[in-house]
Amino acid sequence: MSRIIMCLLVLVCVTISTPALATQKAPNDHRALAGMTTGKAVFDVNISSAQSMLMFFNVIEKTVVTLKDQGVKPDFIITLRGAAVSIVSKDSEFNSEEDETALIKKITALKQQGVYFEACNVAADLFAVDTADLFPGVVLVGNTFASLIGYQNQGYALIPLY
């Protein structure tokens, strides 16, 4: 008898909650993005793993789509410093051939969506990276610390990726 009552209670609860579940809206970021027309962000990338970098680039690509879908134009900059400069260089000891190909494709795709990439010359010197070997689309700058200071003073949100 108690099983029947328990089953009936479960059935009633499921029946009552089903319309609530059906009326839930898809997740959105309207509160955070209210009144925005442009989303300015600078991603400070200091990663020593090609796989981690690719994962973050995939998330950045999803963020581009998320903003566009909600009526906000993304204005994204990716600054590469430290060992990350080595990863975006041909013949890097950090990369397999598959990693290199995947990263070049992802950088190309992000560039086509308006994302700007820059690599730190100070890091290139420290990690003995031949700057002529940087992946296509990655611009060499003097010092990404200087870039980060400038971009933050121009209103870009800083997003550190380590």
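Residues numbered from 1 in each chain as written. Predicted model: local features only at pLDDT ≥ 70, side-chain atom pairs only at ≥ 80, totals over all residues. Heavy atoms only, no water.

Novice: Help me out: how do you make sense of the overall build of the protein chain in this one?
Specialist: Check the secondary structure of the protein chain and you find 7 helices and 5 strands. Moving toward the C terminus, one meets the helices and strands of the protein chain in the order α-α-β-α-β-α-α-β-α-β-α-β. A buried classification covers 36% of the 162 residues belonging to the protein chain. In the protein chain, the share of contacts with a sequence separation of at least 24, taken over all contacts with a separation of at least 6, comes to 75%. As presented, the protein chain carries roughly 9700 Å² of accessible surface, and 60% of it is formed by carbon and sulfur atoms. (Helix = DSSP H or I, 4+ residues; strand = E, 2+ residues; numbered from the N terminus. Buried < 20%, exposed > 50% of the residue type's maximum accessible area, 1.4 Å probe, protein only. Contact = heavy atoms within 4.5 Å. Areas by Shrake-Rupley, 256 points an atom, 1.4 Å probe, with all protein chains shown as cover.)

Novice: Just to check I follow, could you spell out the packing of aromatic side chains for this structure?
Specialist: Note on aromatic pairs: each is described by the distance of the centres and the angle between the planes. For the structure shown, the criterion picks out 3 aromatic pairs. Seen in terms of ring centroids, Phe57 and Phe117 are 5.5 Å apart; in terms of plane orientation they differ by 80°. Their pairing is edge-to-face. Here Phe117 lies in strand S3 (residues 116-120) and Phe57 lies in helix H3 (residues 50-69), a separation of 60 residues in the sequence. Each member of the pair Phe57 and Phe117 is classed as buried. An angle of 65° between the planes, with centres 5.4 Å apart, marks the rings of Tyr151 and Tyr156 as edge-to-face. The class of Tyr151 is buried, set by a relative accessible area of 15%. (Phe/Tyr/Trp six-rings, centres within 6.5 Å; stacked < 30°, edge-to-face > 60°.)

Novice: Any chance you could explain helix H5 (residues 97-112) here in plain terms?
Specialist: Residue pairs three or four apart in sequence face the same way in an α-helix, which turns once every 3.6 residues. Taking 1.5 Å per residue as the helical rise, H5 with its 16 residues ought to reach 22 Å, and the 23 Å between its terminal C-alpha atoms agrees with that figure. Those residues of H5 not exposed but buried are Asp99, Leu103, Lys106, Ile107 and Leu110. Viewed end-on, H5 has its buried residues packed into an arc of 100°, placing them on one side of the element. For H5, exposure combined with an orientation more than 90 degrees from the buried face picks out Glu97, Glu98, Lys105 and Gln112. Contact partners of the buried residues in H5: H3, strand S2 (73-80), helix H4 (83-87), S3 and strand S4 (138-141). Just past H5, the residue Gly114 takes up positive phi, approximately 95°. (Expected span 1.5 Å × (residues − 1). Arc of directions from axis to C-beta.)

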